[in-house]
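# An overview of the molecular structure
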Amino acid sequence: MALATYHRHMTQRVTTDPYWRYNCGAYSGAMLIADATLGGLKGITGRVVRAMSSEPVPDPGSPGLNIPQVLNVMRKLHVEAVDMTGKGWDDIMDALNQQRRVTLSIDYGELPEV
């Protein structure tokens, strides 16, 4: 069985986006939306995801969008997604092995030094 796949990379460094420095979650969400719809929703960018979120203007104390905020935007657009927040690494690897798209939100300060 062949799987239909689609992916179009979006850069976060968009000079016309005033919040590009904080929109990594928004742009990741936009790419996830594009992938899930095989590119069927036109014009969805990180800037659009940010504007549709519960935080259209970044909170100075926590300027990025989190996974629940991105999932809420996906629901508004009627794009199906599964929230795996709190699941372990094995669950993430299983999803990847099933050819599923995954977006992660990582606090770099929590990663061990290599």
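Below or above, wherever it landed, is the structure these notes cover.

Calculation criteria
- Residues numbered from 1 in each chain as written.
- Predicted model: local features only at pLDDT ≥ 70, side-chain atom pairs only at ≥ 80, totals over all residues.
- Heavy atoms only, no water.
- Helix = DSSP H or I, 4+ residues; strand = E, 2+ residues; numbered from the N terminus.
- Rg over C-alpha atoms; globule rule 2.2 N^0.38 Å.
- Buried < 20%, exposed > 50% of the residue type's maximum accessible area, 1.4 Å probe, protein only.
- Areas by Shrake-Rupley, 256 points an atom, 1.4 Å probe, with all protein chains shown as cover.
- Patch = residues over 30% accessible without salt bridge, like charges linked within 9 Å, V, L, I, M, F, W, Y side chains within 5 Å.
- Salt bridge = Lys/Arg side-chain N within 4 Å of Asp/Glu carboxyl O.
- Core = buried A, V, L, I, M, F, W, Y, C linked by side-chain atoms within 4.5 Å.
- Contact = heavy atoms within 4.5 Å.

### Focus on the overall build of the protein
Regarding its fold elements, the protein presents 4 helices and 0 strands. What you see in the protein, going N to C, is helices and strands ordered as α-α-α-α. Taken over C-alpha atoms, the radius of gyration comes to 15 Å for the protein, in line with the 13 Å a tight globule of 114 residues would show. Taken along the three principal axes of its C-alpha coordinates, the protein extends 45 × 40 × 25 Å. Here the protein holds 114 residues, and 28% of them are scored as buried. Total accessible area on the protein stands at roughly 8,100 Å², and carbon and sulfur atoms take up 54% of it.

### Details of a nonpolar patch on the surface
Judged by side-chain polarity, Trp89, Met93, Leu96, Val102, Leu104, Ile106 and Leu111 come together as a nonpolar surface patch covering roughly 620 Å² of accessible area. Secondary-structure assignment places methionine 93 in helix α4 (residues 89–97).

### Some details on the pattern of salt bridges
On inspection of all chains with the given rule, the structure shows 2 salt bridges. Its salt-bridge partner being aspartate 35, residue arginine 101 comes within 2.9 Å of it at the nearest N-O pair. Of this pair, arginine 101 sits in the segment after α4 while aspartate 35 is found in helix α1 (residues 24–36), placing the two residues 66 residues apart along the sequence. In this structure aspartate 35 comes out as buried when scored by relative accessible area, which is 9%.

### Section: unusual backbone geometry
Positive phi outside glycine occurs at leucine 38, with the angle close to 50°. Among the secondary structure elements, leucine 38 is positioned in the loop between α1 and α2 (46–52). The phi dihedral of glutamine 99 falls on the positive side, at around 65°, and the residue is not glycine. In this structure, glutamine 99 sits in the segment after α4. For glutamine 99, a relative accessible area of 52% translates into the label exposed.

### Points about the nonpolar core
Ranked by internal contacts, the top residues of the largest apolar core, which has 17 residues, are Met10, Ile33, Ile44, Val49, Met74 and Leu77. Put simply, the parts of the chain that give this core at least two residues each are α1 and α3 (67–76). It is α1 that contributes the most residues to this core, 7 residues altogether. With residues up to four places along the chain from it excluded, the contact list for isoleucine 33 reads Leu41, Ile44, Val49, Met74, Leu77 and Val79.

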